[in-house]
Amino acid sequence: MSTHHVQRMSRLMAKTLREDPADAETLSHRLLVRAGYVRRSSAGVWTWLPLGKRVLDNVSRVVREEMDAIGAQEVLLPALLPKEPYEVSGRWSEYGDLLFRLRDRKGADYLLGPTHEEIFTLVVKDQCTSYKDLPVMLYQIQTKYRDEARPRSGVLRGREFQMKDSYSFDVCDEGLEESYRLHREAYVRIFERLGLDHRIVSAVSGAMGGSASEEFLAPAEAGEDTFADCPSCDYAANTEAVTFALTPVSAEHPPAEEVDTPDTPTIETLGAHLGVPASATLKNLLVKVDGEIVAVGVPGDREVDLGKLGEHLAPAVVELVTAEDFTDRPDLVRGYVGPQGLEKVRYLADPRVAPGTAWVTGANKADTHARNVVCGRDFEVDRYLDVVVVEPGDPCPSCGTGLRLDRAIEIGHIFQLGRKYADAFGLDVLGREGKPVRVTMGSYGIGVSRAVAALAEQTADERGLCWPAAVAPADVHVVAAGKAVPLALAEEAATALAGSGLGVLLDDRAGLSPGVKLTDAELIGVPWILVAGRRSADGVVELQNRATGTREELPLTEALGRLT
Ligand code: ATP
Ligand code: MG
Ligand code: MG
Ligand code: MG
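Residues numbered from 1 in each chain as written. Chains lettered and ligands numbered in written order. Predicted model: local features only at pLDDT ≥ 70, side-chain atom pairs only at ≥ 80, totals over all residues.

**Points about the overall build of the chain**
Part 1: The number of helices and strands found in the chain is 15 helices and 29 strands.
Part 2: Counting across all 564 residues of the chain, residues that qualify as buried make up 44%.
Part 3: Of all intrachain contacts in the chain linking residues separated by at least 6 positions in sequence, the fraction that spans at least 24 positions is 71%. (Helix = DSSP H or I, 4+ residues; strand = E, 2+ residues; numbered from the N terminus. Buried ≥ 20, exposed ≤ 12 C-beta atoms within 10 Å, placed from the backbone. Contact = placed C-beta atoms within 7 Å.)

**Some details on the site of ligand 1**
Part 1: The full set close to ligand 1 counts 15 residues, and Phe 161, His 413, Gly 445, Gly 447 and Arg 450 are the nearest of them.
Part 2: Put simply, the parts of the chain that give the shell around ligand 1 at least two residues each are strand 9 (160-170), strand 21 (404-418), strand 24 (440-447) and helix 12 (448-459).
Part 3: Broken down by element, the residue count for the shell around ligand 1 peaks at four residues, all from strand 21.
Part 4: Taken together, the residues that form the shell around ligand 1 break down as three nonpolar, seven polar and five charged. (Near = placed C-beta within 6 Å. Nonpolar A, V, L, I, M, F, W, Y, C, P; charged D, E, K, R; others polar.)

**A short note on the sheet that holds strand 5 (residues 80-82)**
Part 1: Spatially, the three strands line up as an open sheet ordered 5-7-6, and their pairing is antiparallel. The open sheet has two edge strands with one neighbour each: strand 5 and strand 6 (100-103). Strand-to-strand twist in this sheet, taken as the mean axis angle between neighbours without regard to direction, amounts to 35 degrees.
Part 2: By the bridge criterion, three bridges tie strand 5 to strand 7 (residues 109-112) in an arrangement that is antiparallel. Considered in strand 7, the bridge of Leu 80 is made with Leu 112. (Pairing = 2+ DSSP bridges. Axes fitted to C-alpha atoms, helices over the stretch in contact; angles between N-to-C directions.)

**Focus: helix 2 (residues 50-69)**
Part 1: The end-to-end C-alpha separation of helix 2 is 28 Å, in line with the 28 Å expected for 20 residues at 1.5 Å each.
Part 2: The complete set of buried residues in helix 2 reads Leu 51, Gly 52, Arg 54, Val 55, Leu 56, Asn 58, Val 59, Val 62, Val 63, Glu 66 and Met 67.
Part 3: Following helix 2 by one or two positions, Gly 71 adopts a phi angle in the positive range, close to 90 degrees. (Expected span 1.5 Å × (residues − 1).)

**Focus on the pairing of strand 2 (residues 38-42)**
Part 1: Examined bridge by bridge, strand 2 and strand 3 (residues 45-48) share four bridges and lie antiparallel to one another. Across the sheet, residue Ser 42 finds its bridge partner in strand 3, namely Val 45.
Part 2: Between the antiparallel neighbours strand 2 and strand 3 lie two residues, among them Gly 44 with a positive phi of about 70 degrees.

**Things to note about helix 12**
Part 1: If you check helix 12, its first and last C-alpha atoms are 17 Å apart, about what 12 residues at 1.5 Å a residue would give, namely 16 Å.
Part 2: Burial of helix 12 is extensive: 11 of the 12 residues sit out of reach of the surface.
Part 3: All of the buried residues along helix 12 are Val 448, Ser 449, Arg 450, Ala 451, Val 452, Ala 453, Ala 454, Leu 455, Ala 456, Glu 457 and Gln 458.

**Remarks on the sheet that holds strand 28 (residues 540-545)**
Part 1: Strand order in the open sheet formed by six strands is 1-26-25-27-28-29, and the pairing between neighbours is mixed. Each of the sheet's edge strands pairs with one partner strand only, and the pair in question is strand 1 (6-8) and strand 29 (551-555). With strand direction ignored, the average angle separating the axes of adjacent strands in the sheet is 25 degrees.
Part 2: As paired elements, strand 25 (residues 476-480) and strand 27 (residues 528-532) share five bridges and run parallel to each other.

**Some points on the environment of Asp 406**
Part 1: Structurally, Asp 406 is set in strand 21.
Part 2: Sequence separation between Asp 406 and Gly 501 is 95 residues, and the spatial gap between their C-alpha atoms is 41 Å.
Part 3: Sequence-distant contacts of Asp 406, that is, excluding residues within four places in its chain, are made with Pro 219, Phe 227 and Asp 229.

**A short note on the packing of helix 13 (residues 485-499) against helix 15 (residues 556-563)**
Part 1: Between helix 13 and helix 15, whose axes approach to 11 Å, the crossing angle comes to 30 degrees. Looking at the two axes, helix 13 sits roughly parallel to helix 15. For the crossing formed where helix 13 meets helix 15, the hand is right-handed. Between helix 13 and helix 15, the contacting residues are Leu 489, Ala 493, Ala 496 and Leu 497 on the first element and Leu 556, Leu 560 and Leu 563 on the second.
Part 2: Split by residue class, the contact of helix 13 with helix 15 holds seven nonpolar, no polar and no charged. (Parallel < 35°, antiparallel > 145°, perpendicular 65-115°, else oblique. Left-handed = near helix turned anticlockwise from the far one by under 90°.)

**Focus on unusual backbone geometry**
Part 1: The amide bond that connects Leu 134 to the next residue, Pro 135, takes the cis arrangement and shows omega of 0 degrees.
Part 2: Among the structural elements, Pro 135 can be located in the loop between helix 5 (117-127) and strand 8 (136-145).
Part 3: The phi torsion at Ala 484 lies on the positive side, around 50 degrees, for a residue other than glycine.
Part 4: Mapped onto the secondary structure, Ala 484 falls in the loop between strand 25 and helix 13.

**Let's talk about the nonpolar core**
Part 1: One finds Val 59, Ala 451, Ala 493, Val 504 and Leu 530 to be the most contacted residues of the largest nonpolar core, which totals 111 residues.
Part 2: A per-element tally of this core places helix 6 (residues 173-194) first, with eight residues.
Part 3: With near-sequence residues (within four places) excluded, Val 59 lies in contact with Leu 194, Val 448, Ala 451, Val 452 and Val 471.
Part 4: Counting six residues, the second-largest nonpolar core is a separate cluster that includes Leu 81, Tyr 86, Tyr 95 and Leu 99. (Core = buried A, V, L, I, M, F, W, Y, C linked by C-beta atoms within 7 Å.)

**Describing the confidence of the model for the chain**
Part 1: Chain-level pLDDT for the chain is 78 on average; 71% of the residues reach the 70-or-more range.
Part 2: Low pLDDT, under 50, characterises residues 205-211; the stretch is placed with 17 contacts to residues that sit more than four places away or in other chains.
Part 3: pLDDT under 50 marks residues 247-389. Its contacts with residues more than four places away, or in other chains, come to 233 contacts. (pLDDT = per-residue confidence, 0-100.)

**Remarks on the packing of helix 1 (residues 27-34) against helix 12**
Between two packed helices, both the angle of their axes relative to each other and the distance between the axes serve to describe the pair.
Part 1: Contact pair helix 1 / helix 12: the axes reach a minimum separation of 8 Å and the direction vectors enclose 100 degrees. By the angle between their directions, the pair helix 1 and helix 12 is classed as roughly perpendicular. On helix 12, the residues that touch Leu 27, Ser 28, Leu 31 and Leu 32 of helix 1 are Ala 453, Ala 456 and Glu 457.

**As for the environment of Glu 552**
Part 1: Summarising the element assignment, Glu 552 is placed in strand 29.
Part 2: Sequence spacing of Glu 552 and Gly 52 is 500 residues, and the spatial spacing of their C-alpha atoms is 29 Å.
Part 3: Residues contacting Glu 552, with those up to four places away along its chain left out, are Glu 542 and Leu 543.

What follows is the structure in structure tokens.
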């Protein structure tokens with residue numbers, strides 16, 4: 001262990017607050033502010049004070065160690081990025097308002113990186129030329145920027161936040177699967193070491209082929225995600241994926257048939273029809289008429305045919321909005337890609353939707369579109385088919401037991417991207433046979449700053465924060481409950497603990513009652529609290545376990561023996 005110093009509360013640049021911040025909606029938000037870990041700078045933008053920075057660094061350290069252990073190499077890419085690569089991938093327009101955009105003095109467009117697939121692809125294209133250079137896994141722990149529609153819950157959903165993002169590059173599908181597996185296992189170790197209770201759930205794109213995408217969710221009331229969990233088998237899925245699995249195929253609605261109709265309107269031509277710029281690659285399309293949601297296209301990365309809908313609706317009254325609109329109304333609408341690649345849309349809990357309404361099918365391959373979707377017969381502005389809402393007790397798709405629905409925080413997300421970005425940027429390496437081979441990629445994220453809040457949510461109690469040892473800002477919180485003799489004994493304890501390599505927070509503040517200091521210690525949430533109080537003259541201290549609440553009086557030497 002590295003040498004530790006004693007952090008004195010008398011010098012600590014952080015004040016605890018008695019009152020909850022007025023705008024705080026969640027436990028972690030309230031407690032992290034009150035205990036002096038973070039302070040709000042502007043909406044969704046946070047300053048990390050000394051205690052908070054320690055916890056953040058501890059989370060980063062665990063993440064870094066486990067990423068290094070699977071052979072991933074740490075790099076640091078810029079957060080300030082040029083527009084062009086994001087135009088090549090289509091995300092400059094696809095991201096819409098989520099991107100922070102800015103311009104330099106010469107008028108060139110830039111963005112603050114929300115995630116870095118494009119830039120990593122370019123780095124590898126520059127550095128790797130042969131199959132011998134692959135596989136490679138790269139990661140960074142870096143500040144990300146997303147202009148979230150509703151930054152809330154403190155650091156749980158920031159507009160500036162810390163993410164560990166990594167990217168794998170392989171020459172073959174088996175290689176990608178191996179890189180994905182290594183990440184998945186590393187994530188399990190990371191969250192176990194951090195003490196974060198978590199579930200791995202298949203995510204929407206899982207419907208496109210096994211484990212193409214999985215989310216790591218930390219169950220917590222404050223979470224913005226709902227997931228279904230089977231009490232008898234290991235089935236767990238987010239609601240999009242479970243909705244998909246439970247979809248009955250409607251008897252009256254014949255399965256759509258694929259035909260090659262290159263002239264069928266694409267999402268772009270529909271967009272053009274409705275006044276969206278030609279450069280826009282729309283993903284997750286929501287169509288509103290007079291402010292009401294009337295249709296949704298969820299093509300994943302593919303095209304969707306909403307041309308008929310476009311023709312049906314007068315352009316003047318149609319408004320197109322993108323993915324972020326879903327996040328505001330998760331109760332209303334869910335979409336996903338079905339087993340035959342059909343895009344389906346489910347309207348949830350929409351008061352206007354009568355039971356037994358519709359879906360929209362679309363293209364599943366470039367330039368092909370589904371037939372048998374006839375506006376007026378299959379869907380209209382106010383008529384839908386097949387409405388299913390996943391509810392607690394619905395049958396588990398794998399064993400039939402009644403499902404549970406729980407709230408959770410998304411703390412990690414792993415994807416098999418395939419060749420999407422390699423295609424966009426022409427990322428090839430020279431293969432074994434001397435011919436160019438297109439590279440296949442994965443991308444993997446962990447919300448490092450969000451993990452701090454998720455841990456706070458899961459571990460805090462009515463007295464305050466309560467950190468697992470791996471991330472706590474100190475190992476022991478020594479409280480001088482009195483001047484003179486207690487203070488001297490507390491100083492002695494702190495020096496001895498720090499000397500044996502423990503992180504020590506020493507409450508040496510003058511003029512505060514023992515009660516106030518103990519309340520603060522509980523609020524701050526260091527795993528052990530050592531109090532030098534009434535019996536200091538006999539060398540006796542009280543040792544409290546913050547999590548269990550157990551307390552015991554014992555000679556200081558014995559207490560030191562327990563802790564070191
Ligand atoms: P969410 O569904 O919560 O908006 P996301 O799916 O948009 O998250 P990803 O693009 O998968 O996020 O990013 C990887 C990880 O980064 C997420 O799993 C999450 O832990 C973290 N993250 C994403 N957005 C934020 C944010 N605004 N604030 C803090 N952490 C975030
Ligand atoms: Mg998001
Ligand atoms: Mg998400
Ligand atoms: Mg995600």
